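# Geometric and topological summary
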Amino acid sequence: MNDYKTIREIADIEEYIGNADVIAFDFETSPMDEYRSDDKAALDAHKSDITGVSISVEKGTGRYIPLRHRVGVNADIPTVMEYLRQRLFQHPVTVKIAHNMAFEAMFLYKDGIVLQEPVYDTIVASQLTLKNDYEFRDLGDSGLKTLVPYLYGVELPKFEEVVGERSFDELDPDAWDTCRYACADSDWVLQLYDTFNQWFENNIPKHRFICESIESPTAVFTGMMKYNGVLVDTKLMQQKKEEAEAHLVELRAKLQAVIGDVDIGENCGTQAFKDYLYKTEGLPVLKTTAKYAEAADDEAIQLLRAYCKKHRPDMVEFFDTVQEFRKWAKIKSTYIDGYAKWINEATGRIHPDLMPMGTDTGRFAARKPNLQNMPRKGSDPIGVRQFVVAPEGTSFLDFDFSQIELRVGAFYCRDPFMMDTYRTGGDIHASTTSVIFGISVDEAQDKENPDYKERRTIAKNVNFGTFYGLFPRGLQRTLKFKAGLEKSEDQCAQIIANLKAGYPRLSEWQAETVRAARLNGYSETSFGRRRYLPNINNRADWGKRSFAERCSMNTPIQGTAAEILKLAMRELIRELKDKPYIRPILQIHDELLFEVDDGHEDEAIRIIRTAMERQPFPAFDIPIVAEGEHGTCFGKLHELEV
């Protein structure tokens, strides 16, 4: 039988821990009285509390410290938590191990404790290890109850079997089943720590650094953001919902005046609507789905509109209405109804799931809801970002990395012209405009020139696409569907050729990067985060091989940029340890949003900017710039004076 015990006294905790410098821990949580009927409340730090803490310092052992059980005797909460804060949670040397560190960090943050390095999240480590020759484990493969049976052949007790219909705080902390359940989690987390570190040493040593120094601290920061969430203006959301519904009624009536009683559904995507387009009206099929059926997505509608402009001008207005209807249907379903359903009744805030390892390149993903897809100013007819507001007595600070992927690209390809532009504080889009159109930088920056806007739009799209192996047809589609510019494939080919001639090291870097990926079978970031590309040498399927080649170029740039952001988060958890008046609330791509109490803005600006603009690693010799804005409404922020 394992050495698991329930203890309560500091002396007993000290005796067990001894001089251990590696400690695994785990929290059991239970809902507060008013949320007992909510079956998800125990996972929400605003609706539940820590019931008890388990710790493990040696394989096969564990100690459970009950804090808030409704049965039996509990430890003294202030005394135990203060001891654990000093000896474990904020100890500068002790390695703190947890499975899903963001969860534990969230509950500690609630109690005013910002978990400090060194930290190690075994759910992160799992996702940095391979499950076969070229696939890393994903989040679904990385649950503790999944990993332990798979790796060790041991079935862990299930929560439902131990707790049943009750909450954990209704169990007797001295009962063996309670103690075993709590201690087993920290015990096996400690064993996972050893197992994964051995795997890293034998397979991809650099992934241990990523786990310990990038992703695990990021998990702590993620827990802080999750706890804080974003406050939303529900009155404004309701007002905009009514406006959207009224406008959709008008647009639906306008469409039905043309197509009669054809069922268009919620977004003009029904089979009946497709039949109307391709059978009743006899329009050509310009795009198909993956299953080779007629497509009617946004791109297909734009292609049909372009066709009708030449061949069926009578239908152009109809397609304009379809596009408008779809835009407003998405606004209502995604940004109003989709956000409103996730407002937390306990806080009036949205607390999305932020997943730091949600993409192959290491960029964040988000869900429940995906606040990362909030449209920016200029592409938002109702002002979705205006739903997010700062509470009274606070304001927002928003910092966005300026062109971080292009700066990383310049670092990688080592093109002198590109590097010099960033080192001298120049305008990379103006430089690219100059390169691809054969004009001076001064002319490229002349806003009075009638070609300024179109040239700059093309330059921006080329800049953000060409590092990833953009083809002429891809550029043509990007300019058409993202910028509304009509360019022939030959014109796009010439633009790309001019760019490569102007930035000669770019083409060389692309060729070198693809060649290395073909040789190794993978691409990686500056820190060694690996992405396997099994189709990089696929000679039978050009499409799959071409995609893998683009991924080989995308991964080092986008992945390194993501890691630079995460390193800034690492710096910030150190800085925010004793600064509860600076609260991180959201991450969107290259952007970090903070809620700051009045009177602390200057200090927060200095701390955040310093963390984001620091040199991420010694070899990185391109300056990093974080542009800041402030205000009390996310959709109405004003630029900070430098």
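Quick look at the structure, then.

The rules behind these values
Residues numbered from 1 in each chain as written. Predicted model: local features only at pLDDT ≥ 70, side-chain atom pairs only at ≥ 80, totals over all residues. Heavy atoms only, no water. Helix = DSSP H or I, 4+ residues; strand = E, 2+ residues; numbered from the N terminus. Buried < 20%, exposed > 50% of the residue type's maximum accessible area, 1.4 Å probe, protein only. Salt bridge = Lys/Arg side-chain N within 4 Å of Asp/Glu carboxyl O. Core = buried A, V, L, I, M, F, W, Y, C linked by side-chain atoms within 4.5 Å. Contact = heavy atoms within 4.5 Å.

## A closer look at the environment of A366
- In this fold, A366 is placed in strand β10 (residues 365-367).
- Residue A366 is classed as buried on the basis of its relative accessible area of 12%.
- C-alpha separation for the pair A366 and Q323, spaced 43 residues apart in sequence, amounts to 27 Å.

## Let's talk about the pattern of salt bridges
- A complete count under the given rule lists 56 salt bridges for this structure.
- Where R85 meets E82, a salt bridge forms, and the shortest distance between an N and an O atom there is 2.7 Å. Of the two residues, R85 and E82 are both situated in helix α2 (residues 77-89); the distance of 3 residues between them amounts to about one turn of the helix.
- Classification of R85 by relative accessible area gives partly exposed; the value is 25%.
- By relative accessible area, E82 is classed as partly exposed at 33%.
- In this structure, the salt-bridge partner of R326 is D298, at a minimum N-O distance of 3.3 Å. Of this pair, R326 sits in helix α12 (residues 316-340) while D298 sits in helix α11 (residues 298-311); the two residues are 28 residues apart in sequence, bridging distant segments of the chain.

## Looking at the nonpolar core
- Ranked by size, the top nonpolar core spans 146 residues in total, and within it I55 and F89 carry the most contacts.
- Per-element tally for this core: the top contributor is helix α7 (residues 176-202), with 13 residues.
- With near-sequence residues (within four places) excluded, I55 lies in contact with I13, Y16, I17, I23, A24, F25, G62, R63, I65, L88 and S186.

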